[in-house]
Amino acid sequence: MSQKYKCCDTEFENLNDFKRHIRSRNWHRLNYSDLIRLKMKNETLYNIIRNPNILFALSNLITPIQDKGILYLPFTKQRTGLVLKRSIVGKLEGPKPDIDLIKYKFTSDNIVYELGFRVKKINEEYSELLVLCSMNVNIGLLGRLLPSEVLKTLQKMVTPQIVVEKVSKNLSAISV
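Not measured: the values here are computed from a predicted model.

Asker: I would appreciate a short explanation of the overall build of the chain in the present structure.
Answerer: Broken down by element type, the chain carries six helices and nine strands. Considered along the principal axes of its C-alpha atoms, the chain spans approximately 55 × 40 × 30 Å. Looking at the 176 residues of the chain, the share that counts as buried comes to 40%. Pairs at least 24 apart in sequence give 56% of the contacts found in the chain among residues at least 6 apart. Averaging the locations of the 28 positively and 17 negatively charged side chains of the chain gives two centres separated by 7 Å.

In structure tokens:
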């Protein structure tokens, strides 16, 4: 079975088509979402997702500091005794209500993450949470010239799938 590549809401059948797409523009978008059922009252869930300190502590990825945020990047292998640059500082906006979504936005020079949360009451004891995340990345001229490097760099990044899975897993753990 061949590996499939996804970018900008398009799925590519082979690596050459994907690389051709990477070369076509500077900005690219990745999306991911998940719907989770939680044993948590609606009000409690709203209180968590409206508070950036609690919400991002659960994700263990972004640390809010006033209107800024620090996004911690994962290590590819365990290191001890070294101090490495493994974070990105950006502007953190939110929570912003938008119709029935609560939105957050993390913006740095070349990366923009957008998070959205939609709460649905199932009954007095259970709620459903839709977690949406998108990442816009500016790969620049070097990325367009060397699309293989884009693939290597993405493996070191916090993709939308990682963000959604961490939030979902940690919210599920406290809802039991």
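Asker: How should the pairing of strand 9 (residues 127–138) be read in this particular structure?
Answerer: The two faces of a sheet get side chains in turn, since along a regular strand they alternate between them. In terms of burial, strand 9 is a largely internal element, nine of the twelve residues being buried. Taken together, the twelve bridges between strand 3 (residues 27–38) and strand 9 define a ladder with antiparallel strand orientation. Across the sheet, the residue bridging to S33 is L132, located in strand 9. Pairing of strand 8 (residues 111–121) with strand 9 involves eleven bridges; the strand directions are antiparallel. Across the sheet, the residue bridging to V119 is L129, located in strand 9. Counted along the chain from strand 8 to the antiparallel partner strand 9, the turn is five residues long.

Asker: Which parts of the structure should I look at to understand helix 6 (residues 160–175)?
Answerer: Given 3.6 residues to a turn, an α-helix orients residues that are three or four positions apart in the same direction. The first and last C-alpha atoms of helix 6 sit 22 Å apart over 16 residues, in line with the 22 Å expected at 1.5 Å per residue. Three or more residues of helix 6 are buried, namely P160, V163, V164, V167, S168, L171 and S175. The buried residues of helix 6 occupy an angular sector of 120° when the element is viewed end-on, so they sit on one face. For helix 6, the exposed residues lying more than 90 degrees away from the buried face are K169 and A173. In this structure, the buried side of helix 6 is in contact with strand 3, helix 2 (42–50), helix 3 (52–59), strand 8 and strand 9.

Asker: What's the story with the packing of helix 3 against helix 6 in this structure? I'm lost.
Answerer: Interhelical geometry of helix 3 versus helix 6 gives an angle of 105° and a closest axis separation of 7 Å. Looking at the two axes, helix 3 sits roughly perpendicular to helix 6. Taken together, the residues of helix 6 that come into contact with helix 3 (itself represented by L55, L58 and S59) are K166, V167, N170, L171 and I174. Class assignment for the residues of the contact of helix 3 with helix 6 results in five nonpolar, two polar and one charged.

Asker: Before we go on, may I ask you to explain the side chain of S59 in this structure?
Answerer: As for its placement among the helices and strands, S59 is situated in helix 3. If we skip the residues at most four places from it in the chain, S59 touches K166, V167 and N170.

Asker: Looking at this structure, I do not really get helix 2. What am I missing?
Answerer: For helix 2, every residue scored as buried is listed here: N42, L45, I48 and I49. End-on, the buried residues of helix 2 take up no more than an arc of 125°, which puts them together on one face. The secondary structure elements touched by the buried residues of helix 2 are strand 3, helix 3, strand 7 (101–107), strand 8, strand 9 and helix 6.

Asker: What should I look at first to understand a nonpolar patch on the surface in this one?
Answerer: Where nonpolar side chains cluster on the molecular surface, the patch consists of L141, L142, L145 and L146 and spans about 440 Å² of accessible area. Residue placement: L145 occurs in helix 4 (residues 140–145).

Asker: I'm lost on the sheet that holds strand 6 (residues 87–98) in this one. Help?
Answerer: By way of backbone hydrogen bonds, the strands of a sheet pair with one another, either parallel or antiparallel. Spatially, the seven strands line up as an open sheet ordered 3-9-8-7-6-5-4, and their pairing is antiparallel. At either end of the open sheet lies a strand with only one pairing partner, and these are strand 3 and strand 4 (62–65). Here the average twist between neighbouring strands, direction ignored, is 25°. Where strand 4 and strand 5 (residues 68–72) come together, four bridges link them in antiparallel fashion. Looking at strand 5, one finds that I65 is bridged to K68. In the packing of helix 2 onto the sheet, contacts are made with strand 3, strand 6, strand 7, strand 8 and strand 9, and the angle to strand 8 comes to roughly 170°. Helix 6 rests against strand 3, strand 8 and strand 9 of the sheet, and its axis sits at about 15° to strand 3.

Rules and cut-offs
Residues numbered from 1 in each chain as written. Predicted model: local features only at pLDDT ≥ 70, side-chain atom pairs only at ≥ 80, totals over all residues. Heavy atoms only, no water. Helix = DSSP H or I, 4+ residues; strand = E, 2+ residues; numbered from the N terminus. Buried < 20%, exposed > 50% of the residue type's maximum accessible area, 1.4 Å probe, protein only. Contact = heavy atoms within 4.5 Å. Lys, Arg positive; Asp, Glu negative; His and termini not counted. Charge placed at Lys NZ, Arg CZ, Asp CG, Glu CD. Pairing = 2+ DSSP bridges. Expected span 1.5 Å × (residues − 1). Arc of directions from axis to C-beta. Axes fitted to C-alpha atoms, helices over the stretch in contact; angles between N-to-C directions. Parallel < 35°, antiparallel > 145°, perpendicular 65-115°, else oblique. Nonpolar A, V, L, I, M, F, W, Y, C, P; charged D, E, K, R; others polar. Patch = residues over 30% accessible without salt bridge, like charges linked within 9 Å, V, L, I, M, F, W, Y side chains within 5 Å. Areas by Shrake-Rupley, 256 points an atom, 1.4 Å probe, with all protein chains shown as cover. Salt bridge = Lys/Arg side-chain N within 4 Å of Asp/Glu carboxyl O.

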